[in-house]
Amino acid sequence: MSWCSCVFLGIFIVSIHPAIYLYKNLNFPTLQYIKKRFRRSWNYSFLYAGSLFLLIQVLVACNQNHSQNNDTMIWISNGDVKAGILPDVGGRVVYLSLKGKENILTSDSTLWNESSAARPEIASTTPFKAYNGHIVWLGPQAGWWTQQNEDTAKRNRADVWPPDPYLIYGGYTVLSQSDSSLVMQGPESKYSGVQLTKKISINENGEVYFQVTAKNIREEPVSWDLWLNTRLNGYATCFIPLADTTEMREDAVNNEKKIKPEFSVSQGYFTLYPSEPPQGKEMRVGKYFIYPDNNYMAAFYNDQFLFFSFPLPEKEEIHPEQAAIEIYNITTHKPEDALLEMELHSPYKTLQPGEEISTELTWYLSEADTNLSPEEKISLVNKFRDKY
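Residues numbered from 1 in each chain as written. Predicted model: local features only at pLDDT ≥ 70, side-chain atom pairs only at ≥ 80, totals over all residues. Heavy atoms only, no water.

1. Remarks on the overall build of the protein
Argument step 1. Counting its regular elements, the protein contains seven helices and 21 strands.
Argument step 2. Of all intrachain contacts in the protein linking residues separated by at least 6 positions in sequence, the fraction that spans at least 24 positions is 67%. (Helix = DSSP H or I, 4+ residues; strand = E, 2+ residues; numbered from the N terminus. Contact = heavy atoms within 4.5 Å.)

2. Notes on the nonpolar core
Argument step 1. Ranked by size, the top nonpolar core spans 71 residues in total, and within it L96, L196, L226, I327 and M342 carry the most contacts.
Argument step 2. A total of six residues in this core trace back to one element, the largest contributor, which is strand β9 (residues 222-233).
Argument step 3. Contact partners of L96, with chain neighbours within four places excluded, come to V81, K82, A83, E102, N103, I104, L105, V208, L306, W363 and L365.
Argument step 4. Counting residues in each nonpolar core, the second largest holds 13 residues, with Y269, A298, F305 and V381 among its members. (Core = buried A, V, L, I, M, F, W, Y, C linked by side-chain atoms within 4.5 Å. Buried < 20%, exposed > 50% of the residue type's maximum accessible area, 1.4 Å probe, protein only.)

3. What about the environment of D159?
Argument step 1. Relative to the elements of secondary structure, D159 occurs in the loop between α5 (152-157) and α6 (165-168).
Argument step 2. Taking the relative accessible area as the measure of exposure, D159 reaches 13% and is therefore buried.
Argument step 3. The contacts of D159, once residues within four sequence positions are left out, are Q141, W144, W145 and K154.
Argument step 4. For D159, the side chain forms a polar contact with the side chain of R157, separated by 2.8 Å. (Polar contact = N/O pair within 3.5 Å; in protein donor to acceptor, adjacent residues only side chain to side chain.)

4. Thoughts on the pairing of strand β21 (residues 356-367)
Argument step 1. Bridging between strand β8 (residues 208-216) and β21 involves eight bridges; their strand directions are antiparallel. By the bridge assignment, T213 is partnered in β21 with S358. (Pairing = 2+ DSSP bridges.)

5. Quick notes on the confidence of the model for the protein
Argument step 1. Per-residue pLDDT for the protein has a mean of 88; in total, 82% of the residues score no lower than 70.
Argument step 2. Below a pLDDT of 50 lies the segment residues 1-23, which in the model reaches 28 contacts outside its immediate sequence neighbourhood of four places, other chains included.
Argument step 3. Every residue in residues 37-49 scores below 50 in pLDDT, and together they form nine contacts with partners more than four places removed in sequence or on other chains. (pLDDT = per-residue confidence, 0-100.)

Listed below in structure tokens is the structure:
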């Protein structure tokens, strides 16, 4: 039922009450005759109660209809694995879980169905709003605002934050959809000069496949890589295949406000050990740039295990300021601030007009005992490595 219909029906129902009043108090002869006939078969109380009941039903139906119209989430599932996508906020994946489990991605669900007026404006001056989930950026970060002439101040400063609003807030058009798959296309970005197309599907085995393609929509070349960023709770434990620390660089410092995260490189894996910062420090934060030994990584959070599989570029194909895998972790004294970013970069390429680049990843979700030891976690990671 449309809002218009709801309003008119509500007015009609409410008008019954003054009509009843007139019916009970006016006394011209014809009405007196009608009232006598009416009393033989009806009681005023039934009329009042019936009209009130109908009004409540209409209001409930209208509210449900409004909620449905305001629900912009698209859900896909194979019955055992479920994913939720927000096409109108950067075409991002904000929900991923096994049946009966909680969302393993970090995303504020109160923002999913906010009004369109609350959505960020697509402008270079728009402040960053953390919808989180899984999003696609472009790399290198140092080039985010240097390949455009719309905001010359940002270009001249070579700003590295925030990302292109077309990529992270732009509305995506759904090209095709089924119960277990979705294809959607984003807007053309006047800042980055590309248009993204995303494909998400869940097969019968519960494997979640994600592919993104960027097309150069300008009449001159642009140079980018595709940067896939999956955000989890900051207290999730991640495992990156790495035996040689020379293939890793750390961007973290200890100072008056900050302290570095704790990590190890052992048993063939880089592993973070997230923890709250000590008293006197505001945050525990760091970023790690890694060229891994293999084309996978994994994370544990609560009772779920998330395994990533992806094409691994040659080291020489990665922009020197970035890495094939990047791990960002922050914790503060507020649990809601905790964030783990597990990021992937595709080869860096110069795209001629109309040319495209693509990359992909596959997620595998599994149950995991919350009391697994580090050795048992590594054993599960190796099991999935050998399987996939």
